[in-house]
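Spelled out from the first residue to the last, the chains are:
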Amino acid sequence: MSNVRQRLVSMRRHLDALQSAAGEADAHVRDLVAQLSGELAGLEQALDPRQSESSPGHAVTREPDGDAEKCPCCTLRSLYAVPGEVRDSQDRDGGREALFHCWSCGYDTWRPI
């Protein structure tokens, strides 16, 4: 994730340099820079861990609940059941499954409960 943040910072510097170079001469370039700056600000805000859950257009932050299990992808103990995410099992047994989310690598899986 920090690599993405570094790229966004680099893109912001390049956009600022482009805006300075364009100056007042070209209105079309200024409009494009303003549009790209807005999109870049949206990406930076989406990466901000302090974003509020009530912000429109942003994913709801999931809180870890219960005991962590070992994630099969990153092998860390950061796989938590997502509260309220339960469904009927896709297997023939007809049981129930809960969604588990890894807070380390983002892996999602459905597991029997």
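See above for the structure.
Below is a short write-up of the structure.

Parameters and conventions
- Residues numbered from 1 in each chain as written.
- Predicted model: local features only at pLDDT ≥ 70, side-chain atom pairs only at ≥ 80, totals over all residues.
- Heavy atoms only, no water.
- Helix = DSSP H or I, 4+ residues; strand = E, 2+ residues; numbered from the N terminus.
- Expected span 1.5 Å × (residues − 1).
- Buried < 20%, exposed > 50% of the residue type's maximum accessible area, 1.4 Å probe, protein only.
- Arc of directions from axis to C-beta.
- Pairing = 2+ DSSP bridges.

Further remarks concern helix H2 (residues 27-47). Here H2 is 21 residues long and its end C-alpha atoms lie 30 Å apart, about the 30 Å a rise of 1.5 Å per residue gives. Val33, Ser37, Leu40 and Leu47 are the residues of H2 that are buried. For H2, the buried positions fall inside an angular range of 80° around the axis, keeping them on one side. Opposite the buried face of H2, at more than 90 degrees from it, the exposed residues are His28 and Asp31.

Bringing the sheet that holds strand E3 (residues 96-102) into the picture now. The strand order E1-E2-E3-E4 describes an open sheet built from 4 strands, whose pairing is antiparallel. The sheet terminates laterally at strand E1 (69-70) and strand E4 (108-112), the two strands that pair on one side only. As judged from the 6 bridges shared by strand E2 (residues 77-88) and E3, these two strands associate in the antiparallel manner. When the bridges of E3 are listed, Val86 appears paired with Ala98.

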